[in-house]
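# Understanding the architecture of this molecule
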Amino acid sequence: MSWDEKAKDAVPSDASCHDVPSHDLTRNDNPCSDMSIGSSRSYLLYRNPLLRAEARVQEGRVKVDIAGPLAHLPLIRSSMEMFEGQVAARAGPEQLSLSTWIPPLPGRAFGRLANSRMRALLGLRTPDQVTISITEECPNRCAHCALPNSGNKLRLSPPTVRDLIRQILEMGTTLVIFDGGEPALYPELPELVRCVDDRAISTLFTSGAGFTAPLAKRLKEAGLYAVNVSLDSPVAEEHDAMRGRAGVFQEAMQAVDNAIQAGLLVDLYVVLRRENICHLQAFHDLARNVGAHELTFFEVVSTGRWSDRVGLALTPGDHALLADFVLNAKARGGPRIFSVPDAYKRFGCFAARSWMHVTPAGEVYPCSCYPESWGNILLEPVKKIWQRMGRFPYQGNKICPMRK
């Protein structure tokens, strides 16, 4: 079955919030796992004299076992609970990918991340995740874009990005995200991906524009780990309307297929709004039908083109609906769901604590949604900027300061 047939099977083109069909998700036939159902093997998550953590894939589900003096700490337990009972993004005989957002284990990058999280218990900050907007070029005009095109054709040069990658890897970064604009339109992208060595994984955000099959193959060969395909609605017309251009939904679905065929992990990345929260089941159905390994839900905030808008944030009822859906989805099969609002409740805001964002102009933000520059990589080492960012007042907040 081709990608377009899968997508059409998931959601009819004329569907609305009230008539998107619910699909049977009781079967575990999503190709998220390469291991047979019922098989079980252990993967070491972390080990030192104070804590030992292992993950097992049993009956298609992740089981986490922890022991040691630190095992009772709320932050440790909360971290493990995020994976308990979930479907892994991919489970193979040699490596386990818990999520498209986390390095596979065992592996050097995952070990660095585990050590970073332990240091965080002592109050030590590490930029685990760095988003690099390499270009503002983009054929879309998304209504909620956090980085609208300035018209100045801003882009970071390949030497600048290569040096930035060198710096952040030395600082402990384990996830390098290439973003835009539309990063698939950046000609030297495979060259940049190749600069990310085994100390970290690299991923890519794309709308699908320019993400061709040959590019997907080149990126996989260069070492790209996963692709986040942005999606605003499981209904083509609604998605295209949000993106400001006809045919973007088709490009997104083709990008998913191109990535999977190249051997890349795929995450469908959804920015939830009050208008599309009714599509939770349809988003999950679509992700399953097209073979995505993960479905991420992020909450819209007032930034970029929508910086002046109020009343965007999800209501308490919306949050309850999302939490209930994620909880019940665990029992219905893959793909894995990552709820960013849930992570906020567990750990607080990651901005300037374990995440920073670099714009095409070289400005460094605490995150991609908080447009406040703490320095410029063209003028000083990023380590200095990160140290200065330790004064960011909203670290660990349970509510995003941009949420209105």
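Let me begin by describing the structure that accompanies this report. Only a predicted model underlies this, so the values are computations on that prediction, with no experimental measurement involved. Each chain carries its own residue numbering, running from 1 in the direction its sequence is written. For this predicted model, a pLDDT threshold of at least 70 governs which residues receive local features, and a threshold of 80 or more governs which side-chain atom pairs are given and counted, while totals over whole chains, interfaces and linings are taken from all residues. Computation of side-chain values: all heavy atoms of the structure, hydrogens and water removed.

## Describing the packing of aromatic side chains
Aromatic pairing here means that ring centres of Phe, Tyr or Trp (its six-membered ring) are within 6.5 Å. Orientation follows from the plane angle: under 30 degrees is stacked, over 60 is edge-to-face, and everything else is tilted. Summed over all chains, the structure comprises 10 aromatic pairs. Relative to Tyr-269, the ring of Trp-101 lies with its centre 6.1 Å away and its plane at 50°, an arrangement referred to as tilted. One end of the pair, Trp-101, is in the loop between strand S5 (96–97) and helix H3 (108–120); the other, Tyr-269, is in strand S10 (residues 265–272), with 168 residues separating them in the sequence. Three labels apply to residues, based on accessible area from a 1.4 Å probe with only protein chains included: buried if under 20% of the type maximum, exposed if over 50%, partly exposed otherwise in between. For Trp-101, a relative accessible area of 15% puts it in the buried group. Each helix is a run of H or I in the DSSP string that is no shorter than four residues. Each strand is a run of E no shorter than two, and both are numbered from the N terminus.

## Regarding the packing of helix H6 (residues 213–222) against helix H8 (residues 248–262)
At their nearest, the axes of H6 and H8 sit 8 Å apart, and the two run at 40° to each other. Relative to H8, H6 is oriented oblique. H8 is crossed by H6, and the crossing has right-handed handedness. From H6, Ala-213, Ala-216, Lys-217 and Lys-220 reach across to H8, where they touch Asn-258, Ala-259 and Ala-262. Under the grouping applied here, Gly and all other residues not named as nonpolar or charged are polar, the nonpolar ones being Ala, Val, Leu, Ile, Met, Phe, Trp, Tyr, Cys and Pro and the charged ones Asp, Glu, Lys and Arg. For the contact of H6 with H8, a count of residues per class yields 4 nonpolar, 1 polar and 2 charged. The axes used here are C-alpha line fits, helices contributing only the stretch in contact, and every angle between their N-to-C directions lies in the interval 0 to 180 degrees. The labels follow the angle: roughly parallel below 35 degrees, roughly antiparallel above 145, roughly perpendicular from 65 to 115, and oblique for the rest. Handedness of a helix crossing follows the sense of rotation of the near helix relative to the far helix, less than a right angle counterclockwise being left-handed and clockwise being right-handed. By definition in these notes, contact holds between two residues if any of their heavy atoms fall within 4.5 Å.

## As for the environment of Asp-318
Along the chain, Asp-318 turns up in helix H10 (residues 316–329). As a C-alpha pair, Asp-318 and Cys-278 span 40 residues in sequence and 9.0 Å in three-dimensional space. Residues contacting Asp-318, with those up to four places away along its chain left out, are Arg-274 and Ile-277.

## Side note on the sheet that holds strand S7 (residues 175–179)
Pairing is mixed across the open sheet formed by 9 strands, whose spatial order is S12-S11-S10-S9-S8-S7-S6-S13-S14. The two strands at the open ends of the sheet, each matched to only one other strand, are strand S12 (336–339) and strand S14 (364–365). With respect to the sheet, helix H4 (residues 158–171) is in contact with strand S6 (129–133), S7 and strand S13 (355–358), its orientation differing from that of S6 by roughly 170°. When DSSP locates at least two bridges between a pair of strands, those strands are taken to pair.

## As for unusual backbone geometry
Cis peptide bonds are those with omega within 30 degrees of zero, and the linkage from Leu-105 to Pro-106 qualifies with -5°. Tracing the chain through its elements places Pro-106 in the loop between S5 and H3. The phi torsion at Glu-59 lies on the positive side, around 55°, for a residue other than glycine. Mapped onto the elements, Glu-59 comes out in the loop between strand S2 (51–58) and strand S3 (61–67). Phi at Ala-352 is positive, roughly 65°, even though this residue is not glycine. Residue Ala-352 is classed as buried on the basis of its relative accessible area of 0%.

## Focus: the state of the cysteines
When the sulfur atoms of two cysteines come within 2.5 Å, that pair is taken as a disulfide. Counted under the stated rule, the structure contains 0 disulfides. Here Cys-369 is not cross-linked by a disulfide; its sulfur's nearest cysteine counterpart is in Cys-367, at 4.8 Å. With a relative accessible area of 9%, Cys-369 lands in the buried category.

## Observations concerning the environment of Val-310
Here Val-310 shows up in the loop between strand S11 (294–299) and H10. Taking C-alpha positions, Val-310 is 8.5 Å from Arg-403, a pair spaced 93 residues apart along the chain.

## Points about the sheet that holds strand S1 (residues 42–48)
The 3 strands lie next to each other as S1-S2-S3, forming an open sheet whose pairing is antiparallel. Pairing within the sheet leaves two strands with one partner each, and these edge strands are S1 and S3. Neighbour-to-neighbour, the strand axes of this sheet turn through a mean angle of 15°, independent of strand direction. In terms of strand pairing, S2 meets S3 through 7 bridges, oriented antiparallel. Following the sheet pairing, Arg-52 is matched in S3 by Ala-67. Sitting on the sheet, helix H2 (residues 74–81) is in contact with S1, S2 and S3, with an inclination near 160° to S3.

## Thoughts on the side chain of Ser-339
Here Ser-339 shows up in strand S12. We classify Ser-339 as buried; its relative accessible area is 7%. Each residue touching Ser-339, except ones within four places of it in the same chain, is listed here: Phe-297, Leu-322 and Val-326.

## A short note on the nonpolar core
What is meant by a nonpolar core is a set of buried Ala, Val, Leu, Ile, Met, Phe, Trp, Tyr and Cys residues, joined one to another through side-chain atoms within 4.5 Å. Of all hydrophobic cores here, the largest spans 119 residues; its most connected members are Phe-178, Phe-211 and Phe-297. In contact with Phe-297, other than residues within four places in its own chain, are Val-270, Leu-272, Leu-280, Phe-283, Leu-322, Phe-325, Ile-337, Phe-338, Ser-339, Val-340 and Pro-341.

## Quick word on a nonpolar patch on the surface
Patch building starts from residues that exceed 30% relative accessible area and form no salt bridge, then joins like charges within 9 Å and nonpolar side chains (Val, Leu, Ile, Met, Phe, Trp, Tyr) within 5 Å. Methods summary: accessible areas were calculated by the Shrake-Rupley approach with a probe of 1.4 Å, and residue burial reflects only the protein chains presented. Note on definitions: salt bridges are taken to be side-chain nitrogens of Lys or Arg within 4 Å of carboxyl oxygens of Asp or Glu. Judged by side-chain polarity, Leu-75, Leu-121, Leu-122 and Leu-124 come together as a nonpolar surface patch covering roughly 370 Å² of accessible area. Here Leu-122 lies in the loop between H3 and S6.

## Focus: the pairing of S10
Most of S10 sits out of view: 8 of its 8 residues are buried. Side chains Leu-265, Asp-267, Tyr-269 and Val-271 project from S10 onto one buried face, and the interleaved Val-266, Leu-268, Val-270 and Leu-272 project onto a second face that is buried too. As paired strands, strand S9 (residues 226–231) and S10 are joined by 6 bridges and run parallel to one another. Bridged to Val-229 within S10 is Leu-268.

## Re helix H11 (residues 340–347)
Count 3.6 residues to each turn of an α-helix, and residues three or four apart come out pointing the same way. Taken residue by residue, H11 has Val-340, Pro-341, Ala-343, Tyr-344 and Phe-347 as its buried positions. For H11, the angular spread of the buried residues around the axis is 160°, confining them to a single face. Next to the buried residues of H11 lie H2, S11, H10 and S12. In the segment just after H11, Gly-348 is the residue with positive phi, at about 80°. Within this analysis, the arc is defined by the directions that extend from the helix axis to the C-beta atoms.

## Some thoughts on the pattern of salt bridges
Between side chains of opposite charge, a pair can form when the charged atoms approach closely. Scanning the entire structure with this criterion turns up 17 salt bridges. Residues Arg-108 and Asp-198 are paired through a salt bridge, measuring 2.9 Å at the closest nitrogen-oxygen approach. Linking Arg-108 in helix H3 with Asp-198 in the loop between helix H5 (189–194) and strand S8 (201–206), this pair joins segments that are 90 residues apart in sequence. Judged by its relative accessible area of 49%, Arg-108 is partly exposed.

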